[in-house]
Amino acid sequence: MGAKLDPRLRQHLSKVYGCLAATCSMATVGSLVHLSGIWEAGLLSALASLGLILGMVFTPDNGKNFVQRFCMLMGIGLFTGHSLGLLLEQVIYMNPAIVVTALVGTTTIFACLTASAFFAKRGKYLYLGGILMSALSTMALINLGNLFFRSYIVQDISLYLGLIVMAGFVLFDTHMIMEKHRMGSNDFIGHSLDLFYDVISIFRRLLVILAQREDNNERRKRKSN
């Protein structure tokens, strides 16, 4: 890693991952707010997160608005985690160990893919962008059609395929961040937001996959008894 990344890029990446860690911490706080019953998640938290994302889009980095954009980023983390509290509540009711397993799995996937991006040749994974976006568009159409057919097989395929796609985005976004910085972009707040949604998407899908397995195991036990 040290031989491939120049000092300026390493410094930029340290800021990106520092902001990412802070955003994930705020997401944890948001989830705890829901789970503790202080404020239950709903449409308002989702709208607040969307509003802050739009705020980030219309407030580009100019080198002087760091505090404003950082606060927006922390708000996005808070309200995203708050919305995630609904899923966490259901999963914890089934088996709290699922949350720990999903966290470990997400961390492992993200760390391994990030390391792969660092050690790969420059721009090696940039070609993934078109493939991943096409896969997301296809999945969206399939899920839309599945609203009428309600096929569990299609739902499972979409879930696992989505996990693979979001894992691919970790590789792609990491390389894009590195290339953008090499071309002069120092927007580490915006870059950390890209990675944050990769992490959250992987975590959410792992939660659902593990919860489904737990539910299937419980059903088998009941049938055997």
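Worth saying up front: this structure is predicted, and the values here are computed from it rather than measured.

Student: Which residues make up the environment of V104, and what values do they have?
Tutor: Mapping V104 onto the fold places it in helix α4 (residues 97–119). The exposure class assigned to V104 is partly exposed, which follows from its relative accessible area of 48%. Sequence separation between V104 and R220 is 116 residues; the distance between their C-alpha atoms is 26 Å.

Student: Account for a nonpolar patch on the surface, with residues named and values stated.
Tutor: On the surface, L43, L47, L50, L54, V57 and F58 cluster together into a nonpolar patch covering about 660 Å² of accessible area. Within the secondary structure, F58 is located in the loop between α2 (43–57) and α3 (66–94).

Student: I'd love a proper account of the UniProt feature "transmembrane region" (unreviewed entry) in the protein chain, names of residues and values included.
Tutor: The UniProt entry lists residues 16–35, 41–58, 70–88, 94–118, 125–145 and 157–178 under the feature "transmembrane region" (unreviewed entry), expressed in the numbering used here. Annotated as residues 16–35, this span is 100% helix and 0% strand, and its ends, taken at the C-alpha atoms, are 29 Å apart. Measuring from the first to the last C-alpha atom of residues 157–178 gives 32 Å, for a span that is 100% helix and 0% strand.

Student: Before we move on, can you summarise α4 with the specific residues and values?
Tutor: With 23 residues, α4 should reach 33 Å at 1.5 Å per residue; the first-to-last C-alpha distance of 33 Å fits that figure. Along α4, the positions that sit buried rather than exposed are I98, V99, A102, T106, F110, L113, T114, A117 and F118. As for α4, its buried residues are in contact with α1 (7–35), α3, α6 (152–182) and α7 (188–224).

Student: Which residues make up the side chain of H34, and what are the values?
Tutor: Here H34 is to be found in helix α1. Excluding anything up to four places from it in sequence, H34 contacts W39, E40, A41, H82, G85, L86 and E89.

Student: Please set out the environment of Y93 residue by residue, giving values where relevant.
Tutor: Considering the arrangement of structural elements, one finds Y93 in helix α3. A C-alpha to C-alpha distance of 27 Å links Y93 and N143, two positions 50 residues apart in sequence.

What counts, and where the lines are drawn
Residues numbered from 1 in each chain as written. Predicted model: local features only at pLDDT ≥ 70, side-chain atom pairs only at ≥ 80, totals over all residues. Heavy atoms only, no water. Helix = DSSP H or I, 4+ residues; strand = E, 2+ residues; numbered from the N terminus. Buried < 20%, exposed > 50% of the residue type's maximum accessible area, 1.4 Å probe, protein only. Patch = residues over 30% accessible without salt bridge, like charges linked within 9 Å, V, L, I, M, F, W, Y side chains within 5 Å. Areas by Shrake-Rupley, 256 points an atom, 1.4 Å probe, with all protein chains shown as cover. Salt bridge = Lys/Arg side-chain N within 4 Å of Asp/Glu carboxyl O. UniProt positions renumbered as here; feature names shortened; annotations may be inferred. Expected span 1.5 Å × (residues − 1). Contact = heavy atoms within 4.5 Å.

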